[in-house]
Amino acid sequence: MIGAALLLFAAASSAEQIRGLIDQDRWKEAVDAATTLAREAPGPDAAGVLGEALYRAGRIDEAGEALAPVASGENAPARVLAQLGLIRAAQGKDEEAAALLGRAAATAPDDPWVLWRAAGGAATRAKATELLNAYIAHGTAENPDRLEGARGTLRLYAALGERKIWVPVTRPERLEIPLKPIPDGSGYFIEANAGGKKIRLLLDTGSTGLFVVERAVKKGGLVPLSEETVFAGGGSGRASSSRGLLAKLDFGGLVYADALVTTTKDEFDKTGRVHGVVGLSAFSGYRVTLDLPKGRMILEPSGDLPQGTPYWNVEGQLLVRARGGESADGLFLFDTGATQSMIDTKLAATIPGAAVDKPAEIRTYGGNVQGATMVRGASLAFQTLHRSGVFNAADLTMRSRLGGVEVSGYLGLDLLSGCTIVLDTGSHRVVVTPPPGRR
(Lines give C-alpha, C1' and ligand atoms only; values in the text may rest on other atoms or scores of the structure.)
Protein backbone atom coordinates (compact mmCIF):
# COMPACT_ATOMS: atom_id res chain seq x y z
CA MET A 1 0.00 0.00 0.00
CA ILE A 2 2.82 2.37 0.91
CA GLY A 3 4.63 1.42 -2.30
CA ALA A 4 1.56 2.25 -4.40
CA ALA A 5 1.19 5.61 -2.65
CA LEU A 6 4.84 6.43 -3.31
CA LEU A 7 4.41 5.48 -6.96
CA LEU A 8 1.42 7.82 -7.29
CA PHE A 9 3.37 10.62 -5.60
CA ALA A 10 6.32 10.07 -7.96
CA ALA A 11 4.02 10.14 -10.99
CA ALA A 12 2.40 13.38 -9.81
CA SER A 13 5.83 14.96 -9.23
CA SER A 14 7.03 13.88 -12.65
CA ALA A 15 3.86 15.26 -14.22
CA GLU A 16 4.52 18.69 -12.71
CA GLN A 17 8.10 18.60 -14.00
CA ILE A 18 6.82 17.79 -17.49
CA ARG A 19 4.34 20.68 -17.28
CA GLY A 20 7.31 22.87 -16.43
CA LEU A 21 8.93 21.81 -19.70
CA ILE A 22 5.73 22.68 -21.58
CA ASP A 23 5.66 26.12 -19.95
CA GLN A 24 9.25 26.65 -21.14
CA ASP A 25 8.26 25.70 -24.72
CA ARG A 26 10.43 22.58 -24.47
CA TRP A 27 7.61 20.50 -25.87
CA LYS A 28 9.78 17.87 -27.58
CA GLU A 29 11.40 16.99 -24.25
CA ALA A 30 7.96 17.10 -22.63
CA VAL A 31 6.52 14.57 -25.10
CA ASP A 32 9.46 12.20 -24.58
CA ALA A 33 9.26 12.46 -20.80
CA ALA A 34 5.46 12.09 -20.75
CA THR A 35 5.60 9.05 -23.05
CA THR A 36 8.07 7.41 -20.67
CA LEU A 37 5.94 8.30 -17.63
CA ALA A 38 2.78 6.88 -19.23
CA ARG A 39 4.61 3.64 -19.98
CA GLU A 40 6.29 3.24 -16.58
CA ALA A 41 3.62 4.66 -14.26
CA PRO A 42 0.29 4.52 -16.09
CA GLY A 43 -2.59 6.39 -14.50
CA PRO A 44 -4.65 9.60 -14.74
CA ASP A 45 -1.72 11.93 -14.00
CA ALA A 46 0.51 10.32 -16.60
CA ALA A 47 -2.22 10.20 -19.25
CA GLY A 48 -3.18 13.79 -18.50
CA VAL A 49 0.28 15.23 -18.90
CA LEU A 50 0.90 13.13 -22.01
CA GLY A 51 -2.23 14.63 -23.56
CA GLU A 52 -1.06 18.14 -22.64
CA ALA A 53 2.39 17.57 -24.12
CA LEU A 54 1.04 16.07 -27.34
CA TYR A 55 -1.39 18.97 -27.74
CA ARG A 56 1.37 21.54 -27.24
CA ALA A 57 3.43 19.65 -29.85
CA GLY A 58 0.57 20.03 -32.33
CA ARG A 59 -0.35 16.34 -32.29
CA ILE A 60 -3.97 17.13 -31.52
CA ASP A 61 -5.75 13.89 -32.42
CA GLU A 62 -3.10 11.79 -30.62
CA ALA A 63 -3.64 13.93 -27.54
CA GLY A 64 -7.36 13.18 -27.72
CA GLU A 65 -6.70 9.45 -27.88
CA ALA A 66 -4.54 9.66 -24.76
CA LEU A 67 -7.11 11.64 -22.77
CA ALA A 68 -10.49 10.20 -23.80
CA PRO A 69 -10.33 7.02 -21.64
CA VAL A 70 -9.47 9.04 -18.52
CA ALA A 71 -12.11 11.73 -19.20
CA SER A 72 -14.84 9.09 -19.39
CA GLY A 73 -14.38 8.31 -15.69
CA GLU A 74 -16.57 9.91 -13.01
CA ASN A 75 -13.64 11.41 -11.11
CA ALA A 76 -11.61 12.59 -14.10
CA PRO A 77 -9.03 15.28 -13.26
CA ALA A 78 -10.07 18.81 -14.23
CA ARG A 79 -7.02 19.35 -16.45
CA VAL A 80 -7.82 16.19 -18.41
CA LEU A 81 -11.38 17.42 -18.98
CA ALA A 82 -10.26 20.91 -19.98
CA GLN A 83 -7.56 19.70 -22.35
CA LEU A 84 -9.90 17.21 -24.02
CA GLY A 85 -12.49 20.00 -24.30
CA LEU A 86 -9.98 22.10 -26.25
CA ILE A 87 -9.24 19.15 -28.52
CA ARG A 88 -12.91 18.55 -29.26
CA ALA A 89 -13.35 22.25 -30.01
CA ALA A 90 -10.38 22.15 -32.40
CA GLN A 91 -11.99 19.16 -34.13
CA GLY A 92 -15.29 21.03 -34.52
CA LYS A 93 -17.17 18.98 -31.90
CA ASP A 94 -18.53 22.02 -30.09
CA GLU A 95 -21.24 20.42 -27.95
CA GLU A 96 -18.88 17.80 -26.54
CA ALA A 97 -16.26 20.50 -25.98
CA ALA A 98 -18.66 22.70 -24.02
CA ALA A 99 -19.74 19.80 -21.77
CA LEU A 100 -16.14 18.83 -21.00
CA LEU A 101 -15.07 22.41 -20.27
CA GLY A 102 -18.08 22.91 -18.02
CA ARG A 103 -17.18 19.79 -16.02
CA ALA A 104 -13.59 21.00 -15.76
CA ALA A 105 -14.55 24.39 -14.30
CA ALA A 106 -16.92 22.78 -11.80
CA THR A 107 -14.18 20.35 -10.70
CA ALA A 108 -11.42 22.97 -10.26
CA PRO A 109 -12.99 26.43 -9.73
CA ASP A 110 -9.69 27.92 -8.45
CA ASP A 111 -7.27 26.60 -11.08
CA PRO A 112 -6.31 29.40 -13.52
CA TRP A 113 -5.10 26.88 -16.11
CA VAL A 114 -8.58 25.32 -16.16
CA LEU A 115 -10.51 28.58 -15.82
CA TRP A 116 -8.89 30.21 -18.85
CA ARG A 117 -9.72 27.27 -21.06
CA ALA A 118 -13.22 26.75 -19.68
CA ALA A 119 -14.14 30.41 -20.28
CA GLY A 120 -13.80 29.89 -24.02
CA GLY A 121 -16.44 27.16 -23.96
CA ALA A 122 -18.96 28.81 -21.64
CA ALA A 123 -22.60 28.64 -22.74
CA THR A 124 -23.31 32.30 -21.98
CA ARG A 125 -21.28 35.50 -21.76
CA ALA A 126 -22.35 35.83 -18.14
CA LYS A 127 -20.74 32.47 -17.34
CA ALA A 128 -17.66 33.33 -19.41
CA THR A 129 -17.37 36.62 -17.52
CA GLU A 130 -17.55 34.78 -14.20
CA LEU A 131 -14.82 32.38 -15.27
CA LEU A 132 -12.55 35.10 -16.70
CA ASN A 133 -12.84 37.17 -13.52
CA ALA A 134 -11.93 34.09 -11.50
CA TYR A 135 -9.01 33.44 -13.87
CA ILE A 136 -7.66 36.97 -13.37
CA ALA A 137 -8.10 36.70 -9.59
CA HIS A 138 -6.22 33.39 -9.38
CA GLY A 139 -3.83 33.87 -12.30
CA THR A 140 -1.39 36.53 -11.12
CA ALA A 141 1.52 34.32 -12.20
CA GLU A 142 0.03 33.63 -15.61
CA ASN A 143 1.30 34.82 -19.00
CA PRO A 144 0.80 38.64 -19.03
CA ASP A 145 -0.35 38.57 -22.67
CA ARG A 146 -3.02 36.03 -21.76
CA LEU A 147 -4.15 38.15 -18.81
CA GLU A 148 -4.39 41.20 -21.08
CA GLY A 149 -6.40 39.13 -23.54
CA ALA A 150 -8.80 38.15 -20.73
CA ARG A 151 -9.29 41.77 -19.71
CA GLY A 152 -9.97 42.78 -23.31
CA THR A 153 -12.57 40.03 -23.63
CA LEU A 154 -14.23 41.17 -20.40
CA ARG A 155 -14.49 44.73 -21.75
CA LEU A 156 -16.11 43.41 -24.91
CA TYR A 157 -18.56 41.19 -23.00
CA ALA A 158 -19.51 44.08 -20.71
CA ALA A 159 -20.34 46.17 -23.77
CA LEU A 160 -22.29 43.38 -25.46
CA GLY A 161 -24.18 41.94 -22.52
CA GLU A 162 -26.10 38.96 -23.91
CA ARG A 163 -26.77 40.66 -27.24
CA LYS A 164 -26.50 38.17 -30.08
CA ILE A 165 -23.93 38.78 -32.81
CA TRP A 166 -23.64 37.59 -36.39
CA VAL A 167 -27.40 37.08 -36.52
CA PRO A 168 -28.42 35.58 -39.89
CA VAL A 169 -31.03 37.69 -41.67
CA THR A 170 -30.86 35.95 -45.05
CA ARG A 171 -28.97 32.68 -45.33
CA PRO A 172 -29.30 31.04 -48.77
CA GLU A 173 -28.70 27.32 -49.10
CA ARG A 174 -26.32 27.93 -52.00
CA LEU A 175 -24.56 31.12 -52.98
CA GLU A 176 -21.87 32.06 -55.48
CA ILE A 177 -19.81 35.16 -54.68
CA PRO A 178 -17.26 36.73 -57.06
CA LEU A 179 -13.70 36.20 -55.83
CA LYS A 180 -11.43 38.75 -57.45
CA PRO A 181 -7.63 38.74 -57.59
CA ILE A 182 -5.70 41.75 -56.34
CA PRO A 183 -3.75 42.95 -59.41
CA ASP A 184 -0.29 42.41 -57.89
CA GLY A 185 -1.12 38.79 -57.00
CA SER A 186 -1.12 39.40 -53.25
CA GLY A 187 -4.50 37.78 -52.65
CA TYR A 188 -8.17 37.53 -53.52
CA PHE A 189 -11.01 39.71 -52.28
CA ILE A 190 -14.77 39.66 -52.06
CA GLU A 191 -17.10 42.65 -51.84
CA ALA A 192 -19.57 43.22 -49.03
CA ASN A 193 -22.08 45.92 -48.27
CA ALA A 194 -21.98 47.48 -44.80
CA GLY A 195 -24.92 49.77 -44.18
CA GLY A 196 -25.03 50.92 -47.80
CA LYS A 197 -21.26 51.27 -48.12
CA LYS A 198 -19.34 48.85 -50.32
CA ILE A 199 -16.16 47.41 -48.77
CA ARG A 200 -13.53 45.14 -50.30
CA LEU A 201 -12.31 42.36 -48.02
CA LEU A 202 -9.28 40.15 -48.52
CA LEU A 203 -10.48 36.56 -48.15
CA ASP A 204 -8.04 35.33 -45.53
CA THR A 205 -8.46 31.78 -44.25
CA GLY A 206 -5.73 32.59 -41.74
CA SER A 207 -7.81 35.35 -40.14
CA THR A 208 -9.69 34.85 -36.88
CA GLY A 209 -12.63 37.09 -37.85
CA LEU A 210 -13.50 40.36 -39.56
CA PHE A 211 -10.96 43.22 -39.49
CA VAL A 212 -11.65 46.50 -41.28
CA VAL A 213 -10.01 49.93 -41.44
CA GLU A 214 -12.19 52.28 -39.41
CA ARG A 215 -12.69 54.90 -42.13
CA ALA A 216 -14.36 52.34 -44.41
CA VAL A 217 -17.19 51.51 -41.98
CA LYS A 218 -17.46 54.65 -39.84
CA LYS A 219 -20.50 55.77 -41.83
CA GLY A 220 -21.71 52.25 -42.53
CA GLY A 221 -23.69 51.64 -39.36
CA LEU A 222 -20.74 50.97 -37.05
CA VAL A 223 -21.62 50.88 -33.34
CA PRO A 224 -18.39 51.16 -31.27
CA LEU A 225 -18.07 48.77 -28.32
CA SER A 226 -14.63 48.50 -26.70
CA GLU A 227 -10.88 48.87 -27.04
CA GLU A 228 -8.53 45.91 -26.86
CA THR A 229 -5.12 44.53 -27.70
CA VAL A 230 -5.04 42.16 -30.66
CA PHE A 231 -2.15 39.69 -30.76
CA ALA A 232 -0.96 39.82 -34.36
CA GLY A 233 1.97 38.54 -36.34
CA GLY A 234 3.68 41.87 -37.01
CA GLY A 235 5.39 44.66 -35.11
CA SER A 236 5.64 43.92 -31.39
CA GLY A 237 3.10 41.12 -31.84
CA ARG A 238 0.40 43.35 -30.32
CA ALA A 239 -1.87 45.89 -31.97
CA SER A 240 -4.32 48.33 -30.42
CA SER A 241 -7.76 47.92 -31.97
CA SER A 242 -11.41 48.73 -31.40
CA ARG A 243 -14.39 46.41 -31.51
CA GLY A 244 -17.79 47.33 -32.85
CA LEU A 245 -20.95 46.03 -34.46
CA LEU A 246 -22.02 46.53 -38.06
CA ALA A 247 -25.80 46.87 -38.05
CA LYS A 248 -26.00 45.04 -41.38
CA LEU A 249 -23.40 43.19 -43.44
CA ASP A 250 -24.34 41.71 -46.80
CA PHE A 251 -22.11 39.25 -48.69
CA GLY A 252 -24.13 39.37 -51.91
CA GLY A 253 -27.16 37.59 -50.46
CA LEU A 254 -25.79 36.16 -47.22
CA VAL A 255 -26.88 38.88 -44.79
CA TYR A 256 -26.03 39.32 -41.11
CA ALA A 257 -27.22 41.75 -38.47
CA ASP A 258 -24.86 42.92 -35.72
CA ALA A 259 -21.68 41.53 -37.25
CA LEU A 260 -18.77 41.87 -34.80
CA VAL A 261 -15.84 43.71 -36.39
CA THR A 262 -12.37 44.69 -35.22
CA THR A 263 -11.36 48.10 -36.55
CA THR A 264 -8.05 49.88 -36.79
CA LYS A 265 -6.97 53.31 -38.02
CA ASP A 266 -4.04 51.76 -39.91
CA GLU A 267 -4.61 50.96 -43.57
CA PHE A 268 -4.50 47.32 -44.58
CA ASP A 269 -3.34 48.33 -48.02
CA LYS A 270 -1.67 51.68 -48.73
CA THR A 271 -3.20 51.86 -52.21
CA GLY A 272 -6.72 51.35 -50.86
CA ARG A 273 -7.37 48.23 -52.91
CA VAL A 274 -8.83 46.41 -49.91
CA HIS A 275 -10.42 47.78 -46.74
CA GLY A 276 -9.93 44.77 -44.50
CA VAL A 277 -9.83 41.00 -44.18
CA VAL A 278 -12.46 38.37 -43.46
CA GLY A 279 -11.91 34.80 -42.32
CA LEU A 280 -13.99 31.65 -42.71
CA SER A 281 -15.90 32.19 -39.45
CA ALA A 282 -18.32 34.43 -41.40
CA PHE A 283 -19.25 31.37 -43.50
CA SER A 284 -19.50 28.82 -40.70
CA GLY A 285 -21.91 25.97 -41.45
CA TYR A 286 -21.15 25.99 -45.17
CA ARG A 287 -18.91 23.98 -47.41
CA VAL A 288 -16.74 26.74 -48.87
CA THR A 289 -15.23 26.25 -52.32
CA LEU A 290 -12.58 28.77 -53.37
CA ASP A 291 -12.42 28.32 -57.12
CA LEU A 292 -9.35 30.49 -57.72
CA PRO A 293 -9.04 29.75 -61.48
CA LYS A 294 -12.65 30.78 -62.14
CA GLY A 295 -12.71 33.63 -59.62
CA ARG A 296 -15.61 32.54 -57.46
CA MET A 297 -16.43 31.43 -53.94
CA ILE A 298 -19.24 28.89 -53.65
CA LEU A 299 -21.18 28.33 -50.42
CA GLU A 300 -23.10 25.05 -50.12
CA PRO A 301 -24.45 22.92 -47.25
CA SER A 302 -21.64 21.28 -45.29
CA GLY A 303 -21.24 17.53 -45.06
CA ASP A 304 -18.57 14.85 -45.07
CA LEU A 305 -15.53 15.36 -47.31
CA PRO A 306 -13.94 11.89 -47.45
CA GLN A 307 -11.26 12.82 -49.99
CA GLY A 308 -9.98 15.63 -47.77
CA THR A 309 -7.65 15.78 -44.80
CA PRO A 310 -8.47 17.22 -41.35
CA TYR A 311 -8.04 20.79 -40.29
CA TRP A 312 -8.18 22.02 -36.71
CA ASN A 313 -9.43 25.34 -35.42
CA VAL A 314 -7.34 26.55 -32.48
CA GLU A 315 -8.04 30.05 -31.12
CA GLY A 316 -9.52 30.92 -34.51
CA GLN A 317 -6.48 29.60 -36.40
CA LEU A 318 -7.22 27.18 -39.25
CA LEU A 319 -4.38 24.65 -38.96
CA VAL A 320 -3.42 21.73 -41.22
CA ARG A 321 -0.64 19.20 -41.05
CA ALA A 322 2.06 19.77 -43.67
CA ARG A 323 5.66 18.66 -44.19
CA GLY A 324 8.74 20.85 -44.13
CA GLY A 325 11.65 19.07 -45.77
CA GLU A 326 11.52 15.32 -46.28
CA SER A 327 10.56 14.29 -42.77
CA ALA A 328 9.84 17.27 -40.48
CA ASP A 329 6.09 17.82 -40.26
CA GLY A 330 3.95 20.15 -38.16
CA LEU A 331 0.84 22.27 -38.02
CA PHE A 332 0.70 25.12 -40.53
CA LEU A 333 -1.73 28.00 -40.73
CA PHE A 334 -3.75 27.54 -43.93
CA ASP A 335 -3.47 31.13 -45.06
CA THR A 336 -4.91 32.49 -48.31
CA GLY A 337 -4.09 35.94 -46.95
CA ALA A 338 -0.33 35.33 -47.10
CA THR A 339 1.43 35.98 -50.38
CA GLN A 340 4.38 33.80 -49.39
CA SER A 341 4.56 30.70 -47.23
CA MET A 342 6.54 30.92 -44.02
CA ILE A 343 8.50 28.37 -41.99
CA ASP A 344 9.17 28.68 -38.28
CA THR A 345 12.89 29.14 -37.65
CA LYS A 346 12.92 26.14 -35.28
CA LEU A 347 11.51 23.85 -37.97
CA ALA A 348 13.82 25.31 -40.62
CA ALA A 349 16.80 24.39 -38.43
CA THR A 350 15.78 20.70 -38.63
CA ILE A 351 15.58 20.55 -42.45
CA PRO A 352 18.78 19.03 -43.92
CA GLY A 353 20.45 21.43 -46.33
CA ALA A 354 18.37 24.45 -45.33
CA ALA A 355 20.33 27.61 -44.53
CA VAL A 356 19.27 30.97 -43.14
CA ASP A 357 19.89 33.78 -45.61
CA LYS A 358 19.41 37.58 -45.53
CA PRO A 359 16.69 39.42 -43.55
CA ALA A 360 13.20 39.49 -45.07
CA GLU A 361 10.41 42.04 -44.86
CA ILE A 362 7.11 40.35 -44.02
CA ARG A 363 4.14 42.61 -43.41
CA THR A 364 1.11 41.36 -41.51
CA TYR A 365 -1.70 42.88 -39.49
CA GLY A 366 0.14 44.82 -36.76
CA GLY A 367 3.22 45.68 -38.86
CA ASN A 368 6.35 43.96 -40.09
CA VAL A 369 7.35 40.64 -38.52
CA GLN A 370 10.37 41.21 -36.31
CA GLY A 371 13.50 39.16 -37.00
CA ALA A 372 12.16 37.65 -40.24
CA THR A 373 14.70 36.11 -42.57
CA MET A 374 14.85 34.08 -45.76
CA VAL A 375 15.82 30.42 -45.70
CA ARG A 376 17.25 28.60 -48.73
CA GLY A 377 17.20 24.91 -49.51
CA ALA A 378 13.88 24.23 -47.76
CA SER A 379 10.67 22.67 -49.04
CA LEU A 380 7.00 22.47 -48.15
CA ALA A 381 4.45 19.81 -49.03
CA PHE A 382 0.70 19.60 -48.39
CA GLN A 383 -1.52 16.95 -49.93
CA THR A 384 -0.35 16.81 -53.59
CA LEU A 385 1.24 20.28 -53.49
CA HIS A 386 4.99 20.72 -53.22
CA ARG A 387 7.38 23.65 -53.45
CA SER A 388 11.10 23.88 -52.76
CA GLY A 389 13.62 26.70 -52.80
CA VAL A 390 13.58 29.96 -50.86
CA PHE A 391 11.04 30.67 -48.11
CA ASN A 392 10.38 33.31 -45.51
CA ALA A 393 11.17 32.27 -41.95
CA ALA A 394 10.34 33.76 -38.54
CA ASP A 395 10.14 32.82 -34.88
CA LEU A 396 6.52 31.85 -34.19
CA THR A 397 7.03 31.08 -30.49
CA MET A 398 4.61 33.74 -29.24
CA ARG A 399 1.83 32.63 -31.60
CA SER A 400 2.39 29.01 -30.53
CA ARG A 401 2.47 29.89 -26.83
CA LEU A 402 -0.72 31.96 -26.92
CA GLY A 403 -2.61 29.40 -28.99
CA GLY A 404 -1.30 26.48 -26.94
CA VAL A 405 -0.15 24.40 -29.94
CA GLU A 406 3.06 24.49 -31.96
CA VAL A 407 2.57 26.40 -35.22
CA SER A 408 5.32 25.50 -37.70
CA GLY A 409 4.53 28.07 -40.37
CA TYR A 410 2.01 29.38 -42.89
CA LEU A 411 0.89 27.87 -46.19
CA GLY A 412 0.51 30.86 -48.52
CA LEU A 413 -0.44 31.65 -52.09
CA ASP A 414 2.94 30.63 -53.51
CA LEU A 415 1.69 27.09 -52.79
CA LEU A 416 -2.09 27.59 -53.16
CA SER A 417 -2.43 30.02 -56.08
CA GLY A 418 -4.35 28.64 -59.04
CA CYS A 419 -5.85 25.80 -57.01
CA THR A 420 -9.42 24.90 -56.19
CA ILE A 421 -9.79 24.74 -52.41
CA VAL A 422 -12.70 23.08 -50.64
CA LEU A 423 -13.07 23.69 -46.90
CA ASP A 424 -15.96 21.97 -45.16
CA THR A 425 -16.70 23.85 -41.95
CA GLY A 426 -18.93 21.05 -40.65
CA SER A 427 -16.59 18.07 -40.99
CA HIS A 428 -13.41 20.18 -40.57
CA ARG A 429 -11.83 18.77 -43.68
CA VAL A 430 -10.03 20.37 -46.60
CA VAL A 431 -9.01 19.25 -50.07
CA VAL A 432 -6.84 21.21 -52.49
CA THR A 433 -6.84 20.45 -56.22
CA PRO A 434 -3.97 21.99 -58.19
CA PRO A 435 -4.39 23.07 -61.80
CA PRO A 436 -3.60 20.45 -64.46
CA GLY A 437 0.11 19.74 -64.85
CA ARG A 438 1.12 21.23 -61.51
CA ARG A 439 1.89 19.60 -58.21
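Up top you'll find the structure we're talking about.
Residues numbered from 1 in each chain as written. Predicted model: local features only at pLDDT ≥ 70, side-chain atom pairs only at ≥ 80, totals over all residues. Heavy atoms only, no water.

Points about the overall build of the chain
Looking only at helices and strands, the chain features 13 helices and 25 strands. Residue burial in the chain is summarised as follows: out of 439 residues, 52% are buried. Within the chain, residue pairs in contact and separated by at least 24 positions form 62% of the contacts whose partners lie at least 6 positions apart. With the model as given, the accessible surface of the chain reaches about 19,300 Å², and the carbon-plus-sulfur share is 53%. (Helix = DSSP H or I, 4+ residues; strand = E, 2+ residues; numbered from the N terminus. Buried < 20%, exposed > 50% of the residue type's maximum accessible area, 1.4 Å probe, protein only. Contact = heavy atoms within 4.5 Å. Areas by Shrake-Rupley, 256 points an atom, 1.4 Å probe, with all protein chains shown as cover.)

What to know about the packing of helix H2 (residues 27-40) against helix H3 (residues 44-56)
Contact geometry of H2 with H3 gives a least axis separation of 8 Å together with a crossing angle of 155°. In this view, H2 runs roughly antiparallel relative to H3, as classed from their interaxial angle. Note that H2 runs across H3; the crossing there is left-handed. Between H2 and H3, the contacting residues are Trp27, Ala30, Val31, Ala34, Thr35, Leu37 and Ala38 on the first element and Ala46, Val49, Leu50, Ala53, Leu54 and Arg56 on the second. Considering only residue class, the contact of H2 with H3 consists of 11 nonpolar, one polar and one charged. (Axes fitted to C-alpha atoms, helices over the stretch in contact; angles between N-to-C directions. Parallel < 35°, antiparallel > 145°, perpendicular 65-115°, else oblique. Left-handed = near helix turned anticlockwise from the far one by under 90°. Nonpolar A, V, L, I, M, F, W, Y, C, P; charged D, E, K, R; others polar.)

Some words on the pairing of strand E12 (residues 296-301)
Pairing analysis gives four bridges linking strand E2 (residues 175-178) to E12, with the strands arranged antiparallel. Looking at E12, one finds that Leu175 is bridged to Leu299. The hairpin formed by strand E11 (residues 286-291) and E12 contains four residues between the paired strands, and Gly295 there has a positive phi angle of roughly 65°. (Pairing = 2+ DSSP bridges.)

Points about the packing of aromatic side chains
Under the definition given, this model contains four aromatic pairs. Look at Trp116 and Tyr135: their rings are 5.3 Å apart centre to centre, the planes differ by 45°, and that puts the pair in the tilted class. Linking Trp116 in helix H7 (residues 112-119) with Tyr135 in helix H8 (residues 125-138), this pair joins segments that are 19 residues apart in sequence. Judged by its relative accessible area of 17%, Trp116 is buried. Between Phe251 and Phe283, the aromatic rings sit 5.2 Å apart at their centres with planes inclined by 65°, giving edge-to-face as the arrangement. Of this pair, Phe251 sits in strand E8 (residues 238-251) while Phe283 sits in the loop between strand E10 (276-278) and E11, placing them 32 residues apart in sequence. For Phe251, a relative accessible area of 0% corresponds to the buried category. Using a relative accessible area of 0% as the deciding quantity, one classes Phe283 as buried. (Phe/Tyr/Trp six-rings, centres within 6.5 Å; stacked < 30°, edge-to-face > 60°.)

Quick look at the sheet that holds strand E13 (residues 309-310)
As summarised here, the arrangement of the six strands in space is E2-E12-E11-E24-E25-E13, forming an open sheet in which the pairing is antiparallel. One side of each edge strand has no neighbouring strand; the edge strands of this open sheet are E2 and E13. In the sheet, strand E24 (residues 420-424) pairs with strand E25 (residues 429-433) via five bridges, with the strands oriented antiparallel. Bridge pairing in E25 places Leu423 opposite Val430.

Describing the pairing of E11
Burial of E11 is extensive: six of the six residues sit out of reach of the surface. Here E11 shows two buried faces, one formed by Tyr286, Val288 and Leu290 and the other by Arg287, Thr289 and Asp291. Taken together, the five bridges between E11 and E24 define a ladder with antiparallel strand orientation. Bridged to Asp291 within E24 is Thr420.

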